[in-house]
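# Coordinate analysis (summary)
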Amino acid sequence: MQTRQLRVSHIDEHYCAAAFKYLRGYAVKYRDMAAMVCLDDKSKVDFGEPGQAISSGVRGKKSIVATGSVLSALDHDVQQKGSLTPSVCLLVDIPEQVEDTFYRGQVFVTLKDSIFQPSSPWRHATEIMENLRKSSMDEGISAVPPMLLIYSDGGPDHRITFESVKLSLICLFKHLDLDVLIAARTAPGHSWANPAERVMSLLNLAYQNVALYRKEMNSNFEQIIKSTNTMSDIRKKKLQALRV
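Predicted model only: the values in this text are computed from it and were never measured. (Residues numbered from 1 in each chain as written. Predicted model: local features only at pLDDT ≥ 70, side-chain atom pairs only at ≥ 80, totals over all residues. Heavy atoms only, no water.)

Residue position: Thr 228 is located in the loop between α5 (219–226) and α6 (231–243). Within the structure, the side chain of Thr 228 is placed 2.6 Å from the backbone oxygen of Ile 225, a separation counted as a polar contact. (Helix = DSSP H or I, 4+ residues; strand = E, 2+ residues; numbered from the N terminus. Polar contact = N/O pair within 3.5 Å; in protein donor to acceptor, adjacent residues only side chain to side chain.)

The structure is reproduced here in structure tokens:
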């Protein structure tokens, strides 16, 4: 497990900690009718151009390699044009006592193209809806629990003071036909308090000794990609190609 001794202080940290405590107490009180979801995005995983694999950047122990072969990859700080964003959704197994752990549950990890599938309030709402429905089907339940509790960090795709986030939560409330929806967030700089952060250490084990690169496209698309340097350039080129 990772430990962090240096933490950023914020004037609202006590208020946010108390809000999370009350959220856990509410979940325990109505555990038979509630679902609790913790959300967070892991750091982006870069991938290289065709035939040029880029290391994930997660340092681990020595790797076992066959005799005569070479284990090599480009370092993760080289220039690259694409990456993957792993979005983590922890569906908490709500305990019977508020003092018990909230770090157990079912984990959903969604890999998204950072260029054409960026994290947004609408995408997160869709992922929550699909994950809850999958979990209900696995448990043989026909409907999602009528109460939904959401806890996340304060990123722009989760910040509950933003109008886009409010609208996405309203849509989620109506689509799932909920009775209660409560969304809370950590204090700025306190994402470590989010239970979904505990999943990141496990994901790092999977990302160790991994190097990725994309498949080669046809010559026309490869020529277009060569003339781009940023994600916004690639998006603009795509729009131009669609218009043609």
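Core analysis: the biggest nonpolar cluster contains 18 residues, and Val 37, Ile 128, Leu 132, Leu 148, Ile 150, Leu 172 and Leu 176 have the highest contact counts within it. If you tally residues by element for this core, the top one is helix α2 (residues 121–138), at four residues. Residues within four places of Leu 132 in sequence aside, it is in contact with Ala 35, Val 37, Leu 91, Val 144, Leu 148 and Leu 176. Counting residues in hydrophobic clusters, the runner-up holds 16 residues, among them Met 36, Ile 94, Phe 102 and Tyr 151. (Core = buried A, V, L, I, M, F, W, Y, C linked by side-chain atoms within 4.5 Å. Buried < 20%, exposed > 50% of the residue type's maximum accessible area, 1.4 Å probe, protein only. Contact = heavy atoms within 4.5 Å.)

Attention now moves to the packing of α2 against helix α3 (residues 163–175). Where α2 meets α3, the axes come as close as 8 Å, and the angle between the chain directions of the two elements is 25°. Accordingly, the angle class assigned to the pair α2 and α3 is roughly parallel. Note that α2 runs across α3; the crossing there is right-handed. Contact with α2, carried on its side by Pro 121, Trp 122, Ala 125, Ile 128, Met 129 and Arg 133, involves Ser 164, Val 165, Leu 167, Ser 168, Cys 171, Leu 172 and His 175 of α3 and no other residues of that element. Counted by class, the contact of α2 with α3 contains nine nonpolar, three polar and one charged residues. (Axes fitted to C-alpha atoms, helices over the stretch in contact; angles between N-to-C directions. Parallel < 35°, antiparallel > 145°, perpendicular 65-115°, else oblique. Left-handed = near helix turned anticlockwise from the far one by under 90°. Nonpolar A, V, L, I, M, F, W, Y, C, P; charged D, E, K, R; others polar.)

Geometric descriptors of this kind do not, in isolation, establish any biological role.
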